[in-house]
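# Report on the structure
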Amino acid sequence: MAKILFLVYHGFSEVSGISKKIHYQVKGLRENGHEVHLCWYDFAADGHRCRFVDDEVLADYGTGIAAGLRQRTEYDRLFDYCVLNGIEMVYARCFQNANPWLIRFFRRLREAGIHAVTEIPTYPYDQEFKNFEWKMRMGLKIDQLFRRRLYRQMDALVTFSDAEEIFGQRTIRISNGVDFESIPMHQFLPSDDALHLIGVAEVHPWHAFDRVVAGIGEYYSRTSVPSHLRTPVFFHIVGGVHPNTMKNVFQPLIDKYGVQDRIIFHGQLFGEALDAVFNQCQFAIGSLGRHRSGITVIKTLKNREYATRGIPFVYSEQDSDFDHQPYVLKAPADESPIDIQRIIDFMEHFTMRPEDIRHTVEHLQWKMQMQQVVGQIMGN
């Protein structure tokens, strides 16, 4: 079994799906018998910028602008930790932060005989930055300058796409995984005769939830079906929505179609509060706008979480784990409003039980996905 350092360049949040995913990946590695140490960067209780390993401060960079620069350039203590503690493999998660100092760190690891991989959560990712603030776009420019040199220091890149090579480096292709213990089974508790849709995300353009809002608007705008014969439809959006997105994307559509009572923004929820909204809904919304980021093939975490709960869902990208499953609807990868009547018709004839849906993703548990990486790099 291997001694592994799981390296993250940011902190964690209780409500962040990314944070939960990282902890499940670490758990999956440990379930395979590996000794795993988690390293991350965040602010300590006293306001100091620190790098932590297993809840212990490895490096305290202090405060202020100089501290921010140090945490981006100082990796000597992390390298020493790896050597002194017999780390055999570093599993890093890409943060679009390639720079000369990070290149030097991974080159030293390679020279010391320590294996390294970096996970690229979304590929390609450049288009995702086009609407971000200038500081993040500038960070991407720096990343573009150095990322090929950085990844030459790796054994491989881990991807959830079908790409066999990324930035000149070979890939290990796995699926985003799931943790069965952390995701409860869906228990639909009907309160009315309506169709309730749920979309869970920190909302970005590539989720394209606006297509669902427009679809509901178009559904209610039809004149061929008497209003008393229509199935009422509601869309529950769970997760953070940036004020600019609300103002410039959602609100104009809501006003245009007059569906303010059909779109419910719950904000960030987790635990029992999140489960309660899920159990009010019959059908889930995956990503509907990956084409906006230039992505065709991706194995998103959200699809797997929906399937683990046992709720049917729709998405628009190509995902070989789900494209032909009977509990999935595929939407076109374009800007058209989602066809709500198609979902209604689908659900009228849908009979799969949540446990049957969940059974189809047993092979996607993190224990199995993460072991593919270690097996290809370490041979164990």
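Here the structure is a predicted model, which means the values were calculated and not measured. (Residues numbered from 1 in each chain as written. Predicted model: local features only at pLDDT ≥ 70, side-chain atom pairs only at ≥ 80, totals over all residues. Heavy atoms only, no water.)

### Description of unusual backbone geometry
Note the cis peptide between Y123 and P124, where omega equals -5°. You can see P124 is positioned in the loop between β6 (115-120) and α5 (134-151). Even without being glycine, F167 reaches a positive phi, approximately 50°. You can see F167 is positioned in the loop between β8 (165-166) and β9 (169-173). Here F167 falls in the buried class, since its relative accessible area comes to 11%. Positive phi, normally seen in glycine, also occurs at A208, with a value near 55°. Classification of A208 by relative accessible area gives buried; the value is 0%. (Helix = DSSP H or I, 4+ residues; strand = E, 2+ residues; numbered from the N terminus. Buried < 20%, exposed > 50% of the residue type's maximum accessible area, 1.4 Å probe, protein only.)

### Quick notes on the packing of helix α6 (residues 210-221) against helix α10 (residues 340-348)
Direction vectors running N to C along α6 and α10 enclose 85°, while the axes themselves pass 8 Å from each other. Between α6 and α10, the interaxial angle falls into the category roughly perpendicular. Packed against α6, whose contacting residues are V212, G215, I216 and Y219, the element α10 presents I340, Q341 and I344 at the interface. Partitioning the contact of α6 with α10 into residue classes produces five nonpolar, two polar and no charged. (Axes fitted to C-alpha atoms, helices over the stretch in contact; angles between N-to-C directions. Parallel < 35°, antiparallel > 145°, perpendicular 65-115°, else oblique. Contact = heavy atoms within 4.5 Å. Nonpolar A, V, L, I, M, F, W, Y, C, P; charged D, E, K, R; others polar.)

### Re the packing of aromatic side chains
Think of a pair of aromatic rings as described by two things: how far the centres are apart, and how the planes are tilted against each other in angle. Applying the stated criterion across every chain yields a total of 20 aromatic pairs. Ring plane angle 15° and centroid distance 5.2 Å describe the contact between W40 and F52, whose orientation is recorded as stacked. Of the two residues, W40 sits in strand β2 (residues 35-43) while F52 sits in strand β3 (residues 49-53), which places them 12 residues apart along the sequence. As far as burial versus exposure is concerned, W40 and F52 are alike and both buried. Each ring, one from F105 and one from F106, has its centre 5.0 Å from the other, and the planes form 70°; the classification is edge-to-face. (Phe/Tyr/Trp six-rings, centres within 6.5 Å; stacked < 30°, edge-to-face > 60°.)

Just geometry here; none of it tells us what the structure is for.
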